[in-house]
Amino acid sequence: QVQLVESGGGLVQAGGSLRLSCVASGRAFGIYYIGWFRQAPGKEREFVAAVTWSGGSTYYADSVKGRFTISRDNAKNAVYLQMNSLKPEDTAVYYCSVTRSRRYDRPYEADYWGQGTQVTVSS
């Protein structure tokens, strides 16, 4: 079993920045992607960014590309999401996830979830 703990959420003004952290504990076999999803009130959970654990290849939703950067530190079992130029539409609960599937953008393919961290961007 893998436990994922997110931190770094908060309240920022539009145009500001936040860095989210996700630290994993425990062990899992065959981790392929670790990344982030988000869910806004009344909206479905959507893909934000992912990185392959072994190779470091990164993938982004079109809505965040150029503004968000995902990175991982395998030695620390951690993944980070640097969020710049934040917009009010980025407001959501952000969830760290681990996926063994080769399809990184499907929330129903995720094997493990963190508890979520709230990001609120004011206008």
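Here, the structure is the one placed above.
The model shown is predicted, which means the values in this text are computed figures rather than measured ones.

Draft legend 1. Seen up close, the packing of aromatic side chains. Applying the stated rule across the entire model yields eight aromatic pairs. Ring geometry for Phe37 and Phe47: centres 5.8 Å apart, planes at 75 degrees, overall edge-to-face. Placement of Phe37 in strand β4 (residues 33-39) and of Phe47 in strand β5 (residues 46-52) is noted, with a sequence separation of ten residues between them. No difference in accessibility class separates Phe37 from Phe47, as the two residues are buried. Ring geometry for Tyr95 versus Trp113: centroids 6.3 Å apart, planes at 85 degrees, classification edge-to-face.

Draft legend 2. The arrangement of the nonpolar core in detail. Counting residues in hydrophobic clusters, the biggest one holds 32 residues, and the most contacted among them are Trp36, Leu81, Met83 and Tyr94. For this core, the elements supplying multiple residues, two or more each, are β1 (2-7), β3 (18-26), β4, β5, β7 (68-73), β8 (78-83), β9 (92-99) and β11 (117-122). Top element by residues in this core is β5. It accounts for five residues. If we ignore the near neighbours within four places in the chain, the residues touching Leu81 are Leu18, Arg19, Leu20, Trp36, Val48, Ala49, Phe68, Thr69, Ile70 and Tyr94.

So, how was this worked out
All residue numbers here refer to positions counted from 1 along the written sequence of the relevant chain. The predicted origin of the model limits local features to residues at a pLDDT of at least 70 and limits the giving and counting of side-chain atom pairs to 80 or more, whereas totals for whole chains, interfaces and linings rest on all residues. With hydrogens and water set aside, each side-chain value is computed from the structure's full complement of heavy atoms. Each pair of aromatic rings taken from Phe, Tyr and Trp, with Trp reduced to its six-membered ring, is defined by centres within 6.5 Å and is described as stacked if the planes are under 30 degrees apart, edge-to-face if over 60, and tilted in the remaining cases. By definition, any uninterrupted DSSP run of H or I lasting at least four residues is a helix, any uninterrupted run of E lasting at least two residues is a strand, and each is numbered from the N terminus. Partly exposed describes any residue whose relative accessible area lies between the buried limit of under 20% and the exposed limit of over 50%, with all areas from a 1.4 Å probe on protein chains only and scaled to the type maximum. For the purposes of this section, nonpolar cores are sets of buried Ala, Val, Leu, Ile, Met, Phe, Trp, Tyr and Cys residues that join through side-chain atoms within 4.5 Å. Pairs of residues are marked as contacts when any of their non-hydrogen atoms sit within 4.5 Å.

Any link to function would need more than the numbers given here.
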